Structure formats: C-alpha cells, structure tokens
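# Notes for the structure review
Here are the chains, one letter per residue:
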Amino acid sequence: MKEKIRIGCGAGFSGDRIEPALILTEKGDLDYLILECLAERTIALAQKRKLQNPDLGYDVLLEKRISGLLPLLLKNKTRLITNMGAANPIAGAKKIIELAKEQGLKVKVAAVFGDDVFSFLSGDEYSLENDIPIYSYGKLVSANAYLGVEAILPALATDVDIIITGRVADPSLFLAPMIYEFGWEVDDFEKMGKGTVLGHLLECAGQITGGYFADPISKPIPDMHILGHPFVDVFKDGHGVISKVEGTGGAITPQTTKEQLLYEVLDPFHYFTPDVIADFSSVKIEEISKNQIQIKGGGGNSKPETYKVSVGYEAGFRGTGEISYAGAHAVERGELAAEIMRLRLKDKIQNLKIDLIGMNSLHPSEFSKESQPYEVRLRVTGMCDSLSLAQEIGEEVEALYTNGPAGGGGARKYVEQVVGVISTLLERDQVKPGIQLFSA
Amino acid sequence: MKKLAEIAHSRAGDKGNILILSLIPFDSNDFDLLVEKVSADLVKNHLKNQVKGTVTRYVLPDLKVMQFTCTDALAGGVTTSLALDAHGKSLSYALLELEI
C-alpha cells in the first residue's frame, strides 16, 4: 500500500480544453489522470448517437483527447480514469485500442458498464423534480444510474492502463484510486467523505485554478490564457494538498478553493454520492505556500440506500432568433421589436421568451433599470412540438429587417431538438455494474 | 449602504431547477456582518423575479462562508429552459448586486 498518490484532473466538462491535460500528464508526475466529461444531458444525446450507430455513443471528443495523451500516459505510467464512455463505454474502449494500434502503442483498457438501466424502468417511477411518473414527460430516450466506486474498483485491480466508464458520480472517479492504493474500506465513511471532498474540489478542473472565478477588478488571476489544471497529492489518512504544474497560468488560493467546495452542492452538511453522504462543513483549507492548498477535515457516516438515475426524454424543439440595435434609442427600438414579435407569435407559441441582451437576458429586468447600453440584441426563443413551428421563430425575427424598427442588424436563427433530463431513484440491487477488458 | 460585490464574492451552481449561490467574504472579518445582514428572506426578496420557490441559507462558521439554495429558480432547469443563461451561471453577480 502506498502512503501518497498524485491525481490530476485534465477535463472538467465535455467541451473542456485539451492542452492542460497534456501539460499535466507530461510534467505533473501523476499516478492517475481523471478526465470528467459528462454533464446531465450529454449522455442522453450520446444515447441518440448510439441508436443511430451502435459503434458510437462515446464522447465526441474522445479521439481528439486520447490521441495526444496516449503516448504521454504510457511513457509516464499514469493511469487514466475517464467517463468519456458516455452511452457506450465498450465502443469507447474499442476506439482507444484502435487509436493505440494506429500509433503502434501497446495499451490495456477496461470498460465499466452497467449504468445504463433504461431496460429496467417501466415509466411508472416518480421523478424527484415534480413527483409525477416519468412517462408523463414525453418519449423516454435514456436512463443512466450514477455508479460509485464499486463499479471502478474491479478494473483498478487489473493491470489496465485506462478505465473508461459511462455515468459514474464525478467524485467517485477520484475516490476509487484512493481506496485501491491505500486499502481503505468502502464502509469507512469518514475516509469516503474525505476522499469525496478532494474529488469534488478537483472534478471541475480549471474551476479551482481561477477559471469561473477571475474578475479583473475584485479577483484578478494571472495568465488566464494558459490556465493550468489541478492535481492533488492525497495522503493515506485522507488529507490532501492541491496544486498545479509550475509555469502554468491561474492561481489556487483559499478563495478559489472555497468557491469550488460549495459549487453545485445542495446541502454542504449532506453531500450525496453513491459512496457516501459527505459532510463538507468541517473542511479546513490552508495555504501552505503559493498555489499549494492543504485540505483537511470533511467526513461522512453513511451512504444513500438508492442510486440516482438520470432519465432523458424528448422535450420538443427550441427555436431562436436574434437581431441587434445600436445608437440613439437602441433600447426603445429593441423594445418595439420585442412587442412586434410578441404580437406576431403569441397565438402560435405559448412557451415564448423575449429578452433584450444588454438589458435583461441574464438577470431580471429590475437589475438594469438604470443602465443605458449603447447597443442591445433582441433574443426571441420558444419551445415547440414541431420543427417547422420552431423554425418560424427565427424566420419572424429575421423578417424584422424589413418589417420592424430602424437599423436592425446581424440577425441569426437556429433550431435545436431538446432532450430534457429528470431524475428518479433505483434500489441498489437493481444495478449490476461489470467490466470488460481490451488490449492492443 | 454598500453592494455585496464590494465585500464578498460568489459562485453559482445548478442542480436541475435548483440554483445554488455561495457567499464568501474577501476579508474573514466581514463574515459576521454577512451572517447578520444577509438572511434567506432578504435574498428571496432580492431575487423574487428569478427564484419562484424557497431560499434556504446554510452558514459554515469554520470556513466562514454561506450558501443559499434556491428552489424553482431556473425556469425548469438547464435542459429545457428558454433562458440565454440556462444554467444560471451569471446569477452569482445578481446576488452581489444586493445592498446592505
């Protein structure tokens, strides 16, 4: 058993930058690299790609991320754990093998499956959001349980270089190697809580090194253009020191750490993952030197009895149109355009939202009552049952060129098919994860 | 009167239709002032046209941070919302507009 391991996080969402992970793997002296690439609805969209082609359904950026990382991972003996398998971890593992063969590299990959529980659902399960049966939302397209460390541990016990999963709770990607390397017991909830704190702090990558934090007036952060991603030295007792590669941009400070600790946490005294109900309130954050933050405390004393399941459903079509106004009376002309759009569309589209970007698109109207921007952009968007109706929104906005206020410019229109996501719960014994091994 | 932005910072997070806003003083000495002045009711009133549900406040004295968990706050949540900022990521700065 080791006394200390180093885990880096090279991606915090599906669209994250590629370069920081390359720098982390090249220069970070990592034992493990984690790439966290799944958001709530990413997996539902991936499920649709898999339905069209059973060889797809893994992360669309997998090839781009893995191709560059593979030689570095193997050279430095860094194991990769990633949820880039999305809706199809087995196809993702096969793709990695193919990429390795193209580069003449030998690699072993484990795919973790079992999160896809679509076939186990009847539709009568109740949603956590609105307490109504999930079938009532629309046509269901996917259902994935948030797996915990127990799905990853069997893969760690093999000699694979890469572990690719579908839906796994984000902190579990980090906690699993801690359990494996330190010999922690999974019912040692104090340790599970501490490891979950460290995983949670790292899982959004650049969000602890100054990303989503920087404000040039109140919270300046240096060299944002080369923002580094973080790593953590985890010690056997469960404490950790978070840092980043020398020479990268950004900063890790008690302030960036506090913001990330509470990020997306509903209740800091009871943070639910499949592994533990963790307590974040007792975490101690200490700056031991520049860009080195020591994390102690945190804990937990039980785990949830059920798995959370994300269910995707077809929610209709969202149509959007935009057009801009500038100079004298820009706001008034934008408001006139908004009123024209409301009158032209209100009888066809009930679920319509009309904003003036520059005034009230991000925050409620009252916050900008004293603001007088030089330019504004009208945005009209609505949810429709049909593609053709959704397209009409953008068409009507574009037609403001010749049928609306003076000086309208830069009209754009777009339509997207919307997959909504709701949640439900499943008993633990209904979910049975497994692994499949591949090698090149 | 001063805006919260002068003495504190905030990060917004989302879970479904629930908005989570942290409130962290730049200077730990201002923590007690924030606890005294920035109640859940005050935040609910400040964001009443955004937050249709309830606001629950969590106070973490060891870390000297607070958090506000706001239900029915994101027009249905990120996947089906019609909002430009469907996650509500910019709403941390709406909280910081609050004057105390």
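Residues numbered from 1 in each chain as written. Chains lettered and ligands numbered in written order. Predicted model: local features only at pLDDT ≥ 70, side-chain atom pairs only at ≥ 80, totals over all residues. Heavy atoms only, no water.

## A closer look at the overall build of chain B
- Broken down by element type, chain B carries three helices and five strands.
- The order of α-helices and β-strands along chain B, N terminus first, is β-β-β-α-α-β-β-α.
- For chain B, the C-alpha radius of gyration of 13 Å lies close to 13 Å, the compact-globule estimate for 100 residues.
- The dimensions of chain B, computed from C-alpha atoms along their principal axes, are 40 × 25 × 20 Å.
- A total of 100 residues make up chain B; the buried ones form 58% of that total.
- Taking as baseline every contact in chain B between residues at least 6 positions apart, the subset at least 24 positions apart corresponds to 57%. (Helix = DSSP H or I, 4+ residues; strand = E, 2+ residues; numbered from the N terminus. Rg over C-alpha atoms; globule rule 2.2 N^0.38 Å. Buried < 20%, exposed > 50% of the residue type's maximum accessible area, 1.4 Å probe, protein only. Contact = heavy atoms within 4.5 Å.)

## What about the interface of chain A and chain B?
- Across the contact, 48 residues belong to chain A and 42 residues belong to chain B.
- Counting across the interface, chain A meets chain B through one salt bridge.
- Linking glutamate 259 of chain A and arginine 11 of chain B is a salt bridge whose minimum nitrogen-to-oxygen distance equals 2.9 Å.
- At the surface where chain A touches chain B, the tally comes to 20 residue pairs in polar contact (both at pLDDT 80 or more). (Salt bridge = Lys/Arg side-chain N within 4 Å of Asp/Glu carboxyl O. Polar contact = N/O pair within 3.5 Å; in protein donor to acceptor, adjacent residues only side chain to side chain.)

## Observations concerning the environment of phenylalanine 68 of chain B
- In this structure, phenylalanine 68 of chain B sits in strand β5 (residues 65-70).
- With residues up to four places along the chain from it excluded, the contact list for phenylalanine 68 of chain B reads Leu19, Ile20, Leu21, Leu23, Val38, Ser39, Ala40, Val43, Val55, Thr56, Arg57 and Leu95 of chain B.

## Let's talk about the pattern of salt bridges
All names here are of chain A.
- Summed over the entire model, instances satisfying the criterion amount to 22 salt bridges over all chains.
- Between lysine 108 and aspartate 159 there is a salt bridge, with the nearest N and O atoms lying 2.8 Å from each other. Highlighted residues: lysine 108 in strand β4 (residues 108-113) and aspartate 159 in the loop between α5 (149-156) and β6 (162-165), separated in sequence by 51 residues.
- Exposure remark for lysine 108: the relative accessible area of 35% places this residue in the partly exposed category.
- By relative accessible area, aspartate 159 is classed as exposed at 52%.
- In the salt-bridge network here, residues are joined through shared partners; they are Glu63, Lys95 and Glu98.

## With respect to the packing of helix α6 (residues 170-182) of chain A against helix α7 (residues 189-202) of chain A
Residues and elements named next belong to chain A.
- As a packed pair, α6 and α7 sit with axes 8 Å apart at the nearest point and diverge in direction by 130°. Considering their axes alone, α6 and α7 lie oblique with respect to each other. Crossing geometry of α6 relative to α7 is assigned as right-handed. Across from Pro171, Phe174, Leu175, Met178 and Ile179 in α6, the residues of α7 making contact are Lys191, Met192, Gly195, Thr196, Leu198, Gly199, His200 and Leu202. (Axes fitted to C-alpha atoms, helices over the stretch in contact; angles between N-to-C directions. Parallel < 35°, antiparallel > 145°, perpendicular 65-115°, else oblique. Left-handed = near helix turned anticlockwise from the far one by under 90°.)

## A few points about the domain arrangement of chain A
Residues and elements named next belong to chain A.
- What the domain assignment reports for chain A is domain 1 (4-116 + 144-310 + 431-439) and domain 2 (311-423).
- The gap between the C-alpha centroids of domain 1 and domain 2 is 38 Å.
- Both sides together, the interface formed by domain 1 and domain 2 hides about 680 Å², and carbon and sulfur atoms give 58% of it.
- Looking only at domain 1, the three residues that lose the most surface to domain 2 are Arg41, Lys48 and Ser310, adding up to 55% of its buried area.
- At the boundary of domain 1 with domain 2, the tally comes to one salt bridge.
- When the shortest N-O distance is used, the salt bridge between lysine 48 and glutamate 314 registers 3.7 Å. (Domains from an automatic or database assignment. Buried area = accessible area lost by both parts, 1.4 Å probe.)

## A look at helix α4 (residues 89-102) of chain A
All names here are of chain A.
- A rise of 1.5 Å per residue sets the reference length of α4, with its 14 residues, at 20 Å; its end C-alpha atoms lie 20 Å apart and thus fit the reference within 8%.
- Among the residues making up α4, those that are buried are Pro89, Ala91, Gly92, Ala93, Lys95, Ile96, Ile97, Leu99 and Ala100.
- Backbone geometry just downstream of α4 places glycine 104 in the positive-phi region, at approximately 70°. (Expected span 1.5 Å × (residues − 1).)

## Examining the packing of aromatic side chains
- Evaluated as defined, the whole model comprises five aromatic pairs over all chains.
- Judged by centre distance (6.0 Å) and plane angle (80°), the ring pair of tyrosine 212 of chain A and tyrosine 263 of chain A falls under edge-to-face. You can see tyrosine 212 of chain A sitting in the loop between α7 and β7 (230-235) and its partner tyrosine 263 of chain A sitting in the loop between α8 (254-262) and β9 (271-272), a full 51 residues away along the chain.
- With a relative accessible area of 30%, tyrosine 212 of chain A lands in the partly exposed category.
- Assessed through its relative accessible area of 5%, tyrosine 263 of chain A is described here as buried.
- Ring geometry for phenylalanine 269 of chain A and tyrosine 58 of chain B: centres 6.4 Å apart, planes at 40°, overall tilted. Of the two residues, phenylalanine 269 of chain A sits in the loop between α8 and β9 while tyrosine 58 of chain B sits in strand β4 (residues 55-60), which places them in two different chains.
- Given the relative accessible area of 33%, phenylalanine 269 of chain A is considered partly exposed.
- Residue tyrosine 58 of chain B is classed as buried on the basis of its relative accessible area, which comes to 17%.
- Sitting above the plane of the tyrosine 307 of chain A ring, arginine 428 of chain A keeps its charged end 4.8 Å from the centroid. (Phe/Tyr/Trp six-rings, centres within 6.5 Å; stacked < 30°, edge-to-face > 60°. Lys NZ or Arg CZ within 6 Å of the ring centre and 35° of its normal.)

## Thoughts on the pairing of strand β5 (residues 140-145) of chain A
All names here are of chain A.
- Counting buried residues in β5 gives six out of six residues, a clear majority hidden from the surface.
- Pairing of β5 with strand β14 (residues 306-326), which is carried by five bridges, proceeds in the antiparallel orientation. Note that in β14 the partner of alanine 145 across the bridge is valine 309. (Pairing = 2+ DSSP bridges.)

## Quick word on the sheet that holds β9 of chain A
- Read from one edge to the other, the open sheet built from three strands follows the order β9-β10-β13 (chain A), with strand pairing classed as antiparallel. The open sheet terminates on both sides in strands that have one partner only, identified here as β9 and β13 (299-300) of chain A.

## Details of helix α2 (residues 42-52) of chain A
- Looking at α2 of chain A, one finds that the buried residues are Thr42, Ile43, Ala44, Ala46 and Gln47 of chain A.
- The inward-facing, buried residues of α2 of chain A contact β5, β14 and β17 (409-427) of chain A.

## Here we look at unusual backbone geometry
- Even without a glycine there, the phi angle at lysine 77 of chain A is positive, about 50°.
- One non-glycine residue, alanine 75 of chain B, lies in positive phi territory at about 50°.
- Relative to the helices and strands, alanine 75 of chain B resides in the loop between β5 and α3 (92-95).

## A closer look at the sheet that holds strand β12 (residues 292-296) of chain A
Residues and elements named next belong to chain A.
- The sheet built from ten strands is open, its strands ordered β11-β12-β8-β7-β1-β2-β3-β6-β4-β18 with mixed pairing. The sheet terminates laterally at β11 (284-289) and β18 (434-439), the two strands that pair on one side only. Pairwise comparison of adjacent strand axes, ignoring direction, gives a mean angle of 20° for this sheet.
- Where strand β1 (residues 4-11) and β7 come together, five bridges link them in antiparallel fashion. Within β7, the position partnered with isoleucine 7 by the bridge is valine 232.
- Across the sheet, helix α3 (residues 62-75) touches β1, β2 (32-35), β3 (79-82) and β6, and the angle it forms with β2 is around 175°.
- Against the sheet, α7 engages β1, β7, β8 (240-244) and β12, with an angle of about 170° to β7.

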